[in-house]
Amino acid sequence: MGTQLSTDHAKAIVRRRFAELDAGNSGILDELFSPDYKLNFPGRKPFSLEETRQLYQRMYAAFTDLRHEIHDQIAEGDKVVTRWTATGRHTGEFLGIEPTDRMVSFDGINIYTFEDEKLVESHVVWDLSQLDR
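Residues numbered from 1 in each chain as written. Predicted model: local features only at pLDDT ≥ 70, side-chain atom pairs only at ≥ 80, totals over all residues. Heavy atoms only, no water.

Trainee: Explain unusual backbone geometry residue by residue, including any values.
Mentor: Positive phi values are uncommon outside glycine, yet Asp-65 reaches one of about 55 degrees. Inspection of the secondary structure assignment puts Asp-65 in strand S2 (residues 63–76). (Helix = DSSP H or I, 4+ residues; strand = E, 2+ residues; numbered from the N terminus.)

Structural data, given as structure tokens:
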């Protein structure tokens, strides 16, 4: 493992990840994420960086004007935990959920792991229950 990031710098990188993706800059993945990055959801095989890119593309296509609001960030060692709410108009199918054309919000918590200044892994839990209503 390389140089330890300050917790403030690590939290800023995670905030930038959300802001850049919300602004439509998917190229940020190549800048901030390790080529060996793994995205973990409970009960699923980890997503590679390319599979993560495809997931984000589908998510931003399904929710017009999707934006994330960060509520909390906690950092220690090589980890940053971020609790957020995403809001957007549900205009396309996402994870088998048909579009409702309503403004929806869903909550999530990500636990990011850094190596040097790159995101190498995250564990994510989303609450998508509002999408079915």
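Trainee: Before we move on, could you go through the pattern of salt bridges and cite the residues and values that matter?
Mentor: Enumeration according to the criterion identifies seven salt bridges in this entry. Glu-20 is the partner of Arg-16 in a salt bridge, and the nearest nitrogen-oxygen pair spans 3.7 Å. Residue Arg-16 and its partner Glu-20 are both found in helix H1 (residues 7–22); the two are separated by four residues, about one turn of the helix. Between Glu-50 and Arg-53 there is a salt bridge, with the nearest N and O atoms lying 3.2 Å from each other. Linking Glu-50 with Arg-53, this pair stays in helix H3 (residues 49–62), spanning three residues, or about one helical turn. (Salt bridge = Lys/Arg side-chain N within 4 Å of Asp/Glu carboxyl O.)

Trainee: Break down the pairing of S2 for me, citing the residues and quoting the values.
Mentor: Across eleven bridges, the pairing between S2 and strand S3 (residues 79–90) is antiparallel. Residue pairing for S3: Glu-69 is matched across the bridge by Thr-85. The hairpin formed by S2 and S3 contains two residues between the paired strands, and Gly-77 there has a positive phi angle of roughly 60 degrees. (Pairing = 2+ DSSP bridges.)

Trainee: Give me the side chain of Gln-73: which residues, what numbers.
Mentor: Within the secondary structure, Gln-73 sits in strand S2. With a relative accessible area of 17%, Gln-73 lands in the buried category. Among the polar contacts made by the side chain of Gln-73, one reaches the main-chain carbonyl oxygen of Lys-11 at a distance of 3.3 Å. In this structure the side chain of Gln-73 is engaged in a polar contact, spanning 2.9 Å, whose partner is the side chain of Arg-15. Apart from the residues lying within four places of it in its own chain, the contact partners of Gln-73 are Lys-11, Val-14, Arg-15, Val-80, Val-81 and Thr-82. (Buried < 20%, exposed > 50% of the residue type's maximum accessible area, 1.4 Å probe, protein only. Polar contact = N/O pair within 3.5 Å; in protein donor to acceptor, adjacent residues only side chain to side chain. Contact = heavy atoms within 4.5 Å.)

These figures capture arrangement, not role.
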